[in-house]
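Below, each chain spelled out in residue letters.
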Amino acid sequence: MVNLTPTEDKNIGFITYPADVTALTALVSFGVSGIYLSFLPTVIGAIVARSVDGSRRDRSSSGGGRGPRRSAQPPTSVSCC
């Protein structure tokens, strides 16, 4: 049987398992940090995608494909009644 609540700090590689911490607390802590770490690549990917999209938009002459296309001629006025 493994001692799940050690009385002294345990060093496992670069991770320190603190003393007097229950196994449930440790599992919840690792689970929450794992959730945050799984969303981190998504945030980094969104930042990279925005920066790549911005650099493409600066180089394009058509306005980057955002919004409606505008014609080169001004709109004609329409008379009513």
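Residues numbered from 1 in each chain as written. Predicted model: local features only at pLDDT ≥ 70, side-chain atom pairs only at ≥ 80, totals over all residues. Heavy atoms only, no water.

Chemist: Help me understand the overall build of the protein chain in this model?
Modeler: Counting its secondary structure elements, the protein chain contains 1 helix and 2 strands. Across the protein chain, helices and strands are ordered from the amino to the carboxyl terminus as β-β-α. Per-residue burial over the protein chain gives 6% buried out of 81 residues. By element, 62% of the accessible surface of the protein chain is carried by carbon and sulfur atoms, the whole surface being about 7700 Å². (Helix = DSSP H or I, 4+ residues; strand = E, 2+ residues; numbered from the N terminus. Buried < 20%, exposed > 50% of the residue type's maximum accessible area, 1.4 Å probe, protein only. Areas by Shrake-Rupley, 256 points an atom, 1.4 Å probe, with all protein chains shown as cover.)

Chemist: In this structure, what is going on with a nonpolar patch on the surface? I would like to understand it.
Modeler: Together, Leu37, Leu40, Ile44, Val48 and Val52 make up an exposed nonpolar region whose accessible area comes to about 430 Å². Within the secondary structure, Leu40 is located in helix 1 (residues 23–59). (Patch = residues over 30% accessible without salt bridge, like charges linked within 9 Å, V, L, I, M, F, W, Y side chains within 5 Å. Salt bridge = Lys/Arg side-chain N within 4 Å of Asp/Glu carboxyl O.)

Chemist: It is not clear to me how the pattern of salt bridges should be interpreted in this structure. Could you clarify?
Modeler: When the charged atoms of two side chains with opposite charge come close together, those side chains can pair. Applying the stated criterion across every chain yields a total of 1 salt bridge. Residues Lys10 and Glu8 are paired through a salt bridge, measuring 3.9 Å at the closest nitrogen-oxygen approach.

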